[in-house]
Number of protein chains: 2
Amino acid sequence: MNGAQALLRTLVDAGVNVCFGNPGTSEMHFVAALDSVPEMRGILGLFEGAVTGAADGYARMADKPAATLLHLGPGLANGLANLHNARRARTGIVNVVGDHATYHKQYDAPLESDIEALANTVGWTRTSGSTEALATDAAEAVKAAQAGQIATLILPADVSWGDGGVPAAPLPPPVRPTVAETTVQAIVDVLKSGESTVILLGNVGTRERAIRAANRISQATGVKLFAETFPTRIERGAGVPALERLGYLAEQVTWQLTDVRHLVLAGAKSPVSFFAYPGKASDLVPDNCKVHVLAEPADDITAALEAVADVVALGVEPVVQEAKRPELPTGDLTPQNWVDVIGALLPENAVIVDESNTSGLLLPVATAGAPKHDVLTLTGGSIGFGLPNAVGAAVACPARPIICLQADGSAMYTASALWTMAREGLNVTTVILSNRSYAILKLELQRVGAESTGPKALDWLDLSRPDLDFVSLATGMGIPATRAATAEELADQFREAQAQPGPHVIEASIPTLF
Amino acid sequence: MNGAQALLRTLVDAGVNVCFGNPGTSEMHFVAALDSVPEMRGILGLFEGAVTGAADGYARMADKPAATLLHLGPGLANGLANLHNARRARTGIVNVVGDHATYHKQYDAPLESDIEALANTVGWTRTSGSTEALATDAAEAVKAAQAGQIATLILPADVSWGDGGVPAAPLPPPVRPTVAETTVQAIVDVLKSGESTVILLGNVGTRERAIRAANRISQATGVKLFAETFPTRIERGAGVPALERLGYLAEQVTWQLTDVRHLVLAGAKSPVSFFAYPGKASDLVPDNCKVHVLAEPADDITAALEAVADVVALGVEPVVQEAKRPELPTGDLTPQNWVDVIGALLPENAVIVDESNTSGLLLPVATAGAPKHDVLTLTGGSIGFGLPNAVGAAVACPARPIICLQADGSAMYTASALWTMAREGLNVTTVILSNRSYAILKLELQRVGAESTGPKALDWLDLSRPDLDFVSLATGMGIPATRAATAEELADQFREAQAQPGPHVIEASIPTLF
């Protein structure tokens, strides 16, 4: 058994049985080994950003890591932006990055670069030094990924092709530490103080079970609940307690936290401004507000919330969102009405991958009472996450309809993920919100106080010269595609896409909000 | 004057008057400042890999650096693969990477990451600490880029928006060191030894003036000449001495260097295998061959070659390639005949950007006697260089026809460069060599000695499920596009593209060579 075969066997034995990849010569033994380990599903991407984003979406929905296969430093570099998002999501991924043979590195061949330096910027890194050690290294990488880390295993070609590989048994998966009783009691004391309090939920704190516990606490004590601004995965809709997210704009957060004296973190970080703005605060915690930590992101957040609830809300039932959909709108599409089409027609058990950015500001309202669904959001701010995450979510949940709501500018970073959707026949309906601008930057250009907004500056925020035609782009990658200019067209095309298996793209022409 | 304005003024005063960019919020003051510095041309890319690749192509043809504008760590990461190619090409680029405000970094906002660590992997790096220091930092970045380095200037948002910016005067541009007379004499001695000798040309050693000097040496002494495998820019065609390139495959190089006793490097590195292969040597210098350095890549290579020629070849004239074109072929396109179409129809004064990979193996033969032209090649092995480099070459040389010969798999890494071609009306004719596979990997899978080549492995080398339709893709990005299945169609469409201004895409359906 060579190293690659032992590596693949170790991965599948540890439950990592999907590998998204884009290989090169140095990964050919890994690719060849795919046939000797039938449990490993290999899924090809045409660009590494699509590969790593798919692994992120997969882990968010499967609650376990996928592997990626990447080609040396440049291949890893191409995948780093979506690894950055995954790092911020605390999504575990096992990156296998092929490298030159150990004895070849001294020659500084054209593809030689500092892979470890790149990998270190996103998490756990190890270069496997021998075929014998490879499987053990892989088992440790899986464990790191199971703990929510980006784990990069650098695989020199000779370590991969060498004989003498022995699969390693899976390591015990990491367990989320239980929050101390004293911590629970301290939070109980805060809640009983009667002072204005907010609980901010993050990580698995935005899953249904945790939300139910938090809602019980809220019902019993009157504290307000918020989800972090960009949750990794939030469960919502009819039957789940409603949970508002903190706003993206600092001004929104300031308003949401007005007069709050205690902020209790349950898997979330203390809120800070996404960017700095001249003369505005970066730390969004109000001046007289004290921050308390109930649970760190890696802790057993759900149990901690339930422990608090069992003290302050014993016997209290959560109040859940009632089923309620918006009316189907009519007329030309607007930033206000397209979300109502989604809210009115969202299928049962959907997963929404939301990179609709400014076009989607009203989406949470429109889908609040739709059938229960998950939403995946742009955790790290690095655009181009939507289409790849939809690929991964669809692979993780083949029985669920995936709805990818994708801003046009962001779509162009990783558009080739559409090809993988077609290749794998994934059940993804992508709605491209085509406002032909970097609309968020039109807003931000004003917010940062830039003095002049002349024609050269504005030209850089404008995607209409020439217009991008997403029907052509999707068709060119093998996906049936249509264009909607009115709410009626969007509704018809959305229904049609749901009625047929496999991927569909709808380009929705929507004016820019700014 | 704020920092951004002083920075832009400093750049243009130092001759850096093109900025390819893809900005975000932290770069808004730089974008706003574009209108106050009219000499700076701003060119938008939809993805950072297209931006950095354009800067590479620009510098190869303009012989001076362009700037890029990139958005924090993820934006730089997206551009790293083509920066890797530029580093291998020793092309100078000034990257301006926006960062959070200095006081904001402590909050670990979602887009925070280690930008310096990423930038250090490709070259010179500096984080500008104050508005006052910014222009001086920029002048030093330009100087580093002029010396052929990737220079990354990290620009915190508050340094950019702060008042008190003062433009800095350009620093004296670096001068290529003259090679010592003793070194010249040592090489002359080698040449006079009568033993089998090869001169390997790289960097500006593959430009016409250097090639002419090398050719004179060859005529006078009988030494063989080769260009490095992947030249940054090689001048060739009718009127220029012919210069064969070292092969990509180690076996080819071994054959090319058979019985060679002296290898003289003139701006090139000593040849090594692109990848390691089990049981094969990495160092491609024959066992009994001694390596001599006439000129390092940064040295004045041309003058060194001329100094040698003036000793050993005084009065000897170079033998130049005669004008000679292949016949226009007929019938279905093949890897053999499409290159003859290009050779037969290559316009005067063209720049070929060559990422045709396996489909282009015979291109050098077919174009050898075509009108004088430049060829830019994939210096760093990181695919996705072709379309962006063509953008940059076209911006640098608006009066020259740019011919981008682009493999299909590689095209998908940075396909959005087509949109920038359309936006800027660039005179680029792109021929997509569509063989619907990662053909090179089909060859490499065998060469690395992978034992099994089962269906799962082969599936990862296959791009035909579904077929990519580059006519749709190009049309979707605003470029007129056609498809050619026969040599006649390719010839007609190529002529038509040359006859009309602006970008054109031709998808040429070609069987895979392997």
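Everything numeric here is computed off the predicted structure, so don't read it as measured data.

Undergrad: Would you explain the sheet that holds strand β10 (residues 262-266) of chain B in this entry?
TA: Each strand in a sheet pairs with its neighbour through backbone hydrogen bonds, running either in the same direction (parallel) or in the opposite one (antiparallel). Residues and elements named next belong to chain B. Spatial ordering of the open sheet is given by β8-β7-β10-β11, a layout of four strands whose pairing is parallel. Strands with a single pairing partner mark the edges of an open sheet, and in this sheet they are β8 (224-227) and β11 (290-295). Recorded for the sheet is a direction-independent mean angle of 25° between the axes of neighbouring strands. Across five bridges, β10 lies against β11 in parallel orientation. If you follow His262 over to β11, its bridge partner there is Lys290.

Undergrad: Looking at this structure, I do not really get the interface of chain A and chain B. What am I missing?
TA: Note: interface size is frequently given as the accessible area lost on complex formation between the parts. Across the contact, 99 residues belong to chain A and 100 residues belong to chain B. Taking both partners together, chain A and chain B bury about 8,400 Å²; carbon and sulfur atoms supply 64% of that area. Three residues, Arg423, Lys456 and Trp460 of chain A, lead the burial of chain A against chain B; their summed loss comes to 10% of the area buried on that side. At the surface where chain A touches chain B, the tally comes to six salt bridges. Note that Asp108 of chain A is salt-bridged to Arg88 of chain B, the shortest N-O span being 2.7 Å.

Undergrad: What is the right way to read the pairing of strand β4 (residues 93-99) of chain A from this model?
TA: Residue and element names in this part refer to chain A. Most of β4 is tucked away, with seven of its seven residues classed as buried. Neither face of β4 is exposed, since Ile93, Asn95, Val97 and Asp99 on one face and Val94, Val96 and Gly98 on the opposite face are all buried. As a crossover connection, the stretch from strand β3 (residues 66-71) through helix α4 (residues 72-89) into β4 is right-handed. Where β4 and strand β6 (residues 150-156) come together, seven bridges link them in parallel fashion. Bridge pairing links Val97 to Ile154 in β6.

Undergrad: Even after reading the chapter, I still don't get the relation of the copies chain A and chain B, so can you show me in this structure?
TA: A rotation about some axis, followed by a shift along it, carries one copy of the chain onto the other. Superposition of chain A onto chain B requires a rotation of 180° combined with a translation of 0.0 Å along the rotation axis, giving an RMSD of 0.0 Å. Considering both components of the superposition, the chain copies are consistent with a two-fold axis. Interface overlap between copies: 100% of the residues of chain A at the interface are likewise at the interface in chain B, consistent with a symmetric, same-surface contact.

Undergrad: Looking at this model, I keep getting lost on empty space enclosed by the protein. Mind explaining?
TA: Rolled over the atoms, a probe as big as a water molecule pinpoints where empty space is left. This structure, assessed with the given rule, holds twelve cavities of 30 Å³ or more. Its volume calculated, the largest cavity comes out at about 170 Å³. As for the largest cavity, its lining consists of 16 residues, and the residues nearest its centre are Ala415 and Ser416 of chain A together with Met412, Ala415 and Ser416 of chain B. Tallied by class, the residues present in the lining of the largest cavity amount to twelve nonpolar, four polar and no charged.

Parameters at a glance
Throughout, residues of each chain are indexed from 1 in the direction in which the sequence is written. For this description, chains carry letters from A and ligands carry numbers from 1, given in the order in which they are written. Confidence filtering applies because this is a predicted model: local features only for residues at pLDDT of at least 70, side-chain atom pairs given and counted only at 80 or more, and all residues used for totals across whole chains, interfaces and linings. With hydrogens and water set aside, each side-chain value is computed from the structure's full complement of heavy atoms. When DSSP finds two or more bridges between two strands, those strands count as paired. In DSSP terms, a helix is any run of H or I states spanning at least four residues, a strand is any run of E spanning at least two, and both are numbered starting from the N terminus. Helix axes are fitted to C-alpha atoms over the stretch in contact, other axes to C-alpha atoms as well, and angles between N-to-C directions run from 0 to 180 degrees. We call two residues contacting when some pair of their heavy atoms lies within 4.5 Å. Defined here as a combined quantity, buried area equals the accessible surface (1.4 Å probe) lost by two parts on assembly, summed across both. Each salt bridge in this description consists of a side-chain nitrogen of Lys or Arg and a carboxyl oxygen of Asp or Glu lying within 4 Å of one another. With a 1.4 Å probe rolled over the protein chains alone, any residue whose accessible area is under 20% of its type maximum counts as buried; one over 50% counts as exposed, and the rest are partly exposed. A crossover counts as right-handed when, viewed with the strands pointing away from the observer, the path leading from the first strand over the helix to the second turns clockwise. The superposition of copies rests on a least-squares fit of C-alpha positions from residues with pLDDT of 70 or more in both. The rule is simple: put a 1 Å grid over the protein atoms alone, call a set of points where a 1.4 Å probe fits but cannot get out a cavity, call an open set with protein on both sides within 12 Å along at least five of seven lines a pocket, and count a residue as lining if it has an atom within 4 Å of a point. Grid points are joined across faces, edges and corners, and a volume is the space filled by probe spheres set on the points. Gly is put with the polar residues, along with every residue not named as nonpolar or charged; the nonpolar set is Ala, Val, Leu, Ile, Met, Phe, Trp, Tyr, Cys and Pro, and the charged set is Asp, Glu, Lys and Arg.

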